[in-house]
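Overview (structure and organization)
Listed below are the residues making up each chain.
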Amino acid sequence: MLLDRDRCVRAVRSRDARFDGWFYTAVLTTGIYCRPSCPVVPPKPENMSFHPSAASAQQAGFRACKRCRPDASPGSPEWNERADLVARAMRLIADGVVDRDGVPGLAARLGYGPRQVERQLVAELGAGPLALARAQRAQTARLLIETSSLRMADVAFAAGFASVRSFNDTVQAVFGLTPTDLRSRVRGGAPPRTPGTLAVRLPFRRPFTPDSLFGHLAVTAVPGVEEWRDGAFRRALRLPHGPAVVALRPETDHIGCRLTLSDLRDLSAAINRCRWLLDLDADPVAVDELLTGDPALAPLVHAGPGRRVPRAADGPEFAVRAVLGQQVSTAAARTHAGRLVAAHGEPLAAPDGGLTHLFPEPGTLAGLDPDSLALPRTRRATLTTLVARLAAGDLDLGPGADWDRARAELRPLPGLGDWTVETIAMRALGDPDAFVATDLGIRHATRALGLPHTPGALTRRAEAWRPWRAYAVQYLWSTTSHLMNRLPA
């Protein structure tokens, strides 16, 4: 990532929050690093240095500012917009792969050697995978220190540190405070009463229009796995160390996130998947600026700026759901998915409201009897072929997936047309340029707006919307009267 010094200085002087997460400002005279929007008086330009990642600033010996808390800024949009080696590595590191499998495990998932991965990350981000993972552990530790009443030794191991000593040293180096001092700074609010339950705030870049995002998730919620309750979208998550339940509530300047974890080591992975699900690291200014260049889309963007793409917390799960939703209504797709969960899902040890199961894994579904599915014969074949490929590990739809390779491996499967492949690319893989030209809702919207509505002609017109065609889809969908465009009551 190349940083233009003059542009960085201007962003810091104007306290421009749009650049939070894009880069970090290190102050040579104080030894701290900040986000660009830090409220303190900006330092002199000659006293500033700039870093592409928090890990890079930490490696250079700077500690996090106590005022702006740069470690808690939204993530860089780069990792949402790109599918190259560095972006894929960053998504996997955020999902905790380095903490669980080490750098060799990360490299194996990417299909490269450890040295090549290290070299690429250092060249672009100023820090290797271990330093990036350490910065993430420090952020997780701070959350646990401030939002729980856990003993510090338990915080250390839950955050992924190998020893209490390394935990103490890292917290002191990154935040300039001991863990005990960090906890004593917290004012107000008692620790959650439920063991393993944490409340955190998920920041986002403005503007942000939550109605169609949460409306879509609520309308398509799979019974037993997802629900809308008490003003929040709730769902059961399968995490590396056990199941979890998350509740996500839209607020004015953040998303309220309440996590009930069976193992606190999953905190970082859970937060990352929630941010991914809600597309919170997007750059809405860049998206809306390009789309308003089209006279047909400009009124839609002005009416609800900052729309996000509703994504999937689990790629293989969503691929199965996409097949179940082929050529049927939203309600019918929910019914099919709910039956699959009831018959083959993993029951939660402690059901929570309407959340009773985890969605079945591909390995479980690979053994089901196709005749037990209330689906047309061709769709049964599509589903069984898909889950067999997923169960065998031949098809990667996880955080580190290569978008082009995933498309190339999906398209030859029987029964997977452009609609299904692009829907999976948009919501499971997170490709911001995925485009469902054959979607019925898109065709109705484009016809009403006077845009081409045949797939070929629309695809040609949508070339001007690259690389944000998935966001154009959200704006086009917003023109319909479907319930998914309303924030649920």
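For the structure, see preceding data.
So, here is what we can say about the structure in this document. On a predicted model such as this, the values are computed, not experimentally measured, just so you know. (Residues numbered from 1 in each chain as written. Predicted model: local features only at pLDDT ≥ 70, side-chain atom pairs only at ≥ 80, totals over all residues. Heavy atoms only, no water.)

1. Looking at the sheet that holds strand S8 (residues 242-250)
- Strand order across the open sheet formed by five strands is S5-S9-S8-S7-S6, with antiparallel pairing between neighbours. Among the strands making up the open sheet, the edge pair consists of strand S5 (197-202) and strand S6 (226-229). Neighbour-to-neighbour, the strand axes of the sheet open up by a mean angle of 25°, direction not taken into account.
- In terms of strand pairing, S5 meets strand S9 (residues 255-261) through six bridges, oriented antiparallel. Residue pairing for S9: Ala199 is matched across the bridge by Arg258. (Pairing = 2+ DSSP bridges. Helix = DSSP H or I, 4+ residues; strand = E, 2+ residues; numbered from the N terminus. Axes fitted to C-alpha atoms, helices over the stretch in contact; angles between N-to-C directions.)

2. Thoughts on the packing of helix H15 (residues 315-324) against helix H20 (residues 418-427)
- Two numbers describe how H15 lies on H20: the axes approach to 10 Å, and their chain directions differ by 145°. With respect to the hand of their crossing, H15 and H20 are arranged in right-handed fashion. Here Phe318, Ala319, Ala322 and Val323 of H15 come into contact with H20, specifically with Trp419, Thr420, Thr423, Ile424 and Arg427.
- Each residue belonging to the contact of H15 with H20 can be placed in one class, and the counts come to six nonpolar, two polar and one charged. (Left-handed = near helix turned anticlockwise from the far one by under 90°. Contact = heavy atoms within 4.5 Å. Nonpolar A, V, L, I, M, F, W, Y, C, P; charged D, E, K, R; others polar.)

3. Here we look at the layout of surface pockets
- Taken as a whole, the second largest pocket spans an internal volume of roughly 960 Å³.
- For the lining of the second largest pocket, the leading source of residues is H20, giving six residues.
- Its residues assigned to classes, the lining of the second largest pocket comprises twelve nonpolar, 17 polar and six charged. (1 Å grid on protein atoms, 1.4 Å probe; cavity = no way out; pocket = protein on both sides within 12 Å on 5 of 7 lines; lining within 4 Å. Points joined across faces, edges and corners; volume = space filled by probe spheres on them.)

4. Observations regarding the sheet that holds strand S1 (residues 24-27)
- Strand order in the open sheet formed by four strands is S3-S1-S2-S4, and the pairing between neighbours is mixed. Of all the strands in the sheet, the pair left with one neighbour each is strand S3 (48-51) and strand S4 (63-64).
- With two bridges joining them, strand S2 (residues 32-34) and S4 adopt parallel strand pairing. Within the sheet, the bridge partner assigned to Ile32 lies in S4 and is Arg63.
- Here helix H1 (residues 5-13) sits on the sheet in contact with S1 and S3, set at roughly 105° to S3.

5. Focus on the packing of helix H5 (residues 97-110) against helix H7 (residues 129-147)
- H7 packs onto H5 with a crossing angle of 165° between their chain directions and a minimal axis gap of 10 Å. The orientation of H5 with respect to H7, classified from their angle, is roughly antiparallel. Once H5 is placed against H7, the crossing between them reads as right-handed. Contacts between H5 and H7 pair Val98, Asp99, Val103 and Leu106 from the former with Pro129, Leu130, Ala133 and Arg137 from the latter.
- Among the residues making up the contact of H5 with H7, the classes are represented as six nonpolar, no polar and two charged. (Parallel < 35°, antiparallel > 145°, perpendicular 65-115°, else oblique.)

6. Some details on the pairing of S8
- Within S8, seven of the nine residues are buried, which leaves it mostly tucked inside the rest of the structure.
- Two elements, strand S7 (residues 232-239) and S8, share seven bridges in a ladder whose sense is antiparallel. When the bridges of S8 are listed, Arg235 appears paired with Val246.
- Hairpin connection, S7 to S8: the antiparallel pair is bridged by two residues.
- Two elements, S8 and S9, share seven bridges in a ladder whose sense is antiparallel. Each bridged residue has a counterpart across the sheet, and for Val245 the counterpart in S9 is Thr260. (Buried < 20%, exposed > 50% of the residue type's maximum accessible area, 1.4 Å probe, protein only.)

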